[in-house]
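Here are the chains, one letter per residue:
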Amino acid sequence: MGASHALGYTKIPGFKVVGFVVAKNVDRAKKLAADLKLSIPIYTDYYKAMAEQKPDVVSINTLVDTHAPYSIHAMRQGCHIFMEKPIAKTVAEAEEVVKVARETRRKLVIGYILRVHPAWKKFTELARTLGKPLIMRMNLNQQSFGHEWEVHKSFIANMPPLVDCGVHYVDVMCQMTRSKPKIVQGMAARVSDEIGPNEENYGALQVVFEDKSVGWYEVGWGPMMSKVAFFVKDVIGPKGCVSIDKDISNVDPSDVSKHTTVDSIIVHSSATDAKGMPVKKDEVVRITDEPDHNELCRREQEYLHRAIVDDIDLSDHMDDAVNSLKICFAAVDSYRTGRAIHL
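Everything in this summary refers to the structure shown in the same document. (Residues numbered from 1 in each chain as written. Predicted model: local features only at pLDDT ≥ 70, side-chain atom pairs only at ≥ 80, totals over all residues. Heavy atoms only, no water.)

**Describing the overall build of the protein chain**
Then, in step 1: A count of helices and strands for the protein chain gives 11 helices and 14 strands.
Then, in step 2: Over its C-alpha atoms the protein chain spans a radius of gyration of 21 Å, differing by no more than 12% from the 20 Å that the globule rule assigns to 343 residues.
Then, in step 3: In terms of overall dimensions, the protein chain has C-alpha extents of about 75 × 45 × 40 Å along its principal axes.
Then, in step 4: For the protein chain, with 343 residues in total, the buried portion stands at 50%.
Then, in step 5: A separation threshold of at least 6 residues defines the contact pool for the protein chain, and within that pool the share at least 24 residues apart is 68%. (Helix = DSSP H or I, 4+ residues; strand = E, 2+ residues; numbered from the N terminus. Rg over C-alpha atoms; globule rule 2.2 N^0.38 Å. Buried < 20%, exposed > 50% of the residue type's maximum accessible area, 1.4 Å probe, protein only. Contact = heavy atoms within 4.5 Å.)

Pasting the structure below:
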């Protein structure tokens, strides 16, 4: 993600990249800088980089345990922040990050990449026309091998998949309902001996909102996962349903660039005639603007630039980031305690 965002910054006139910070792989960072034609220093010490470069903006694409300390330090130094999701490792940390953003009046944009995707924006817009309550069904199971499985295992050691990946889709649910979550239930399974004894590489959650809408999300990572259960994005309401249609027959689930692509959106109406038969044919909505992964990252940074220059109010954006994290962590709490969590 850091590499994709770095590429995005170089394509936006309002930004100038002045340095990279990496945990270990300096040679990889040097190659990236060379590929992007950047003559910049490479640091392994974040705080030293901050002191020497005194940037206006910090883009945080590190593992989640650094998100809160890095962003809070930067905002208190006067920096605006782009930060990959999730916003923090705990709800308390997330609330503190947002509190500091408000206190310092710095812009804080969280990397909910689906918010800048034309097809997902349309999907959310159409879901809001279906009436209430909504039934929202979403999953993203990734069959991963080799390097991708190693990456997934490192993610699992840092954050349950239900949180790491789930915040994206729970955020979409929150946008669709614009209602507060009420009850969360979660379940999980450890279906690999290659992860820690207290870690899970499969999880599912159910959330009930105050407007009686319900959401379901499922995620699984690893070489044992089924391609059949790779991609479900479906919303049902009293007036019909809206579904993302995607041909997954030749899709590699480990290819991150394919996680957001949309072939078309199918809109189905529940309207019937006097005999109880459908009166409308299903409508197929095709989205011609289908940005790839790097282009979506660029659009996220364009939004950050507009937020800074035009002083966009990001209150809802930040609150949504905390809310989606709260729901996902409640699901983890649920499966670890064996009880439903009332928010």
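From this point, things continue past the structure.
**Remarks on the packing of aromatic side chains**
Then, in step 1: One pass over the structure, following the stated rule, counts 8 aromatic pairs.
Then, in step 2: On the basis of an interplanar angle of 85° and a centroid distance of 5.9 Å, the ring pair of Tyr47 and Tyr70 is categorised as edge-to-face. Placement of the pair is Tyr47 in helix 3 (residues 46-53) and Tyr70 in helix 4 (residues 67-76), with a sequence separation of 23 residues.
Then, in step 3: If you follow Lys233 out to its NZ or CZ, it ends over the ring of Phe231, 3.8 Å from the centre. (Phe/Tyr/Trp six-rings, centres within 6.5 Å; stacked < 30°, edge-to-face > 60°. Lys NZ or Arg CZ within 6 Å of the ring centre and 35° of its normal.)

**Brief notes about the pattern of salt bridges**
Then, in step 1: If you walk through the whole model with that rule in mind, you get 19 salt bridges.
Then, in step 2: Measuring nitrogen to oxygen at the nearest pair gives 2.7 Å for the salt bridge that ties Asp211 to Lys132. Here Lys132 lies in the loop between helix 6 (118-127) and strand 6 (135-143) and Asp211 lies in the loop between strand 8 (202-209) and strand 9 (214-222), a separation of 79 residues in the sequence.
Then, in step 3: Taking relative accessible area as the criterion, Lys132 reaches 42% and is therefore assigned partly exposed.
Then, in step 4: Across the salt bridge formed by Glu302 and Arg298, the nearest N and O atoms sit 2.3 Å from each other. With Glu302 and Arg298 both in helix 10 (residues 293-309) and 4 residues apart, this pair spans about one turn of that helix. (Salt bridge = Lys/Arg side-chain N within 4 Å of Asp/Glu carboxyl O.)

**Topic: the packing of helix 4 against helix 5 (residues 91-104)**
Then, in step 1: At their nearest, the axes of helix 4 and helix 5 sit 10 Å apart, and the two run at 10° to each other. As far as their axial angle goes, helix 5 and helix 4 are roughly parallel. Along its contact with helix 4, which presents Ala68, Ser71, Ile72, Met75 and Arg76, the element helix 5 presents Glu93, Glu96, Val97, Val100, Ala101 and Thr104. (Axes fitted to C-alpha atoms, helices over the stretch in contact; angles between N-to-C directions. Parallel < 35°, antiparallel > 145°, perpendicular 65-115°, else oblique.)

**Describing the pairing of strand 4 (residues 80-83)**
Then, in step 1: Along strand 4, one buried face is formed by His80 and Phe82 and the opposite face, lined by Ile81 and Met83, is buried too.
Then, in step 2: When strand 3 (residues 57-60) meets strand 4, the two strands line up parallel, connected through 4 bridges. Note on strand 4: the bridge partner recorded for Val58 is Ile81.
Then, in step 3: Read from strand 3 through helix 4 to strand 4, the crossover connection turns out right-handed.
Then, in step 4: Summarising the sheet, strand 4 and strand 5 (residues 108-110) pair through 3 bridges and their orientation is parallel. Note on strand 5: the bridge partner recorded for Met83 is Ile110.
Then, in step 5: Chirality of the crossover, the property in question, places the unit of strand 4, helix 5 and strand 5 among those that are right-handed. (Pairing = 2+ DSSP bridges. Right-handed = clockwise from strand over helix to strand, strands pointing away.)

**Thoughts on the side chain of His317**
Then, in step 1: By the element assignment, His317 lies in helix 11 (residues 315-337).
Then, in step 2: Setting aside chain neighbours within four positions, we find His317 in contact with Leu108, Val109, Ile110 and Arg115.

**Some thoughts on the sheet that holds strand 4**
Then, in step 1: Strand order in this open sheet of 3 strands is 3-4-5, and the pairing throughout is parallel. One side of each edge strand has no neighbouring strand; the edge strands of this open sheet are strand 3 and strand 5. Ignoring strand direction, the axes of neighbouring strands in this sheet form an average angle of 10°.

**Considerations on the nonpolar core**
Then, in step 1: Judged by nonpolar contacts, the single largest core of 81 residues is most densely connected at Ile87, Leu108, Phe123, Met138, Met176, Tyr217 and Val235.
Then, in step 2: Residue contacts for Ile87: discarding those within four places in its chain leaves His67, Ala94, Val97, Val98, Leu108, Ile110, Ala321 and Leu325.
Then, in step 3: Grouped together as the second largest cluster of nonpolar side chains are 16 residues, Tyr9, Phe20, Leu38 and Val109 included. (Core = buried A, V, L, I, M, F, W, Y, C linked by side-chain atoms within 4.5 Å.)

**A word on the sheet that holds strand 8**
Then, in step 1: Spatially, the 9 strands line up as an open sheet ordered 13-12-11-10-6-9-8-7-14, and their pairing is mixed. The open sheet terminates on both sides in strands that have one partner only, identified here as strand 13 (283-285) and strand 14 (341-342).
Then, in step 2: Across 6 bridges, the pairing between strand 6 and strand 10 (residues 231-237) is antiparallel. Counted as the bridge partner of Arg137 is Asp234 from strand 10.
Then, in step 3: Docked against the sheet, helix 7 (residues 146-158) engages strand 6 and strand 9, running at close to 125° with respect to strand 9.
Then, in step 4: Running over the sheet, helix 11 touches strand 7 (181-189), strand 8 and strand 14 and is turned about 55° from strand 7.

**With respect to the packing of helix 5 against helix 11**
Then, in step 1: The geometry of helix 5 relative to helix 11 is characterised by a closest axis approach of 9 Å and an angle of 175° between their N-to-C directions. Looking at the two axes, helix 5 sits roughly antiparallel to helix 11. In this structure, helix 5 contributes Val91, Ala94, Glu95, Val98, Ala101 and Arg102 to the contact, and helix 11 contributes Ser315, Met318, Asp319, Val322, Leu325, Lys326 and Phe329.
Then, in step 2: Across the contact of helix 5 with helix 11, the residue classes tally to 8 nonpolar, 1 polar and 4 charged. (Nonpolar A, V, L, I, M, F, W, Y, C, P; charged D, E, K, R; others polar.)

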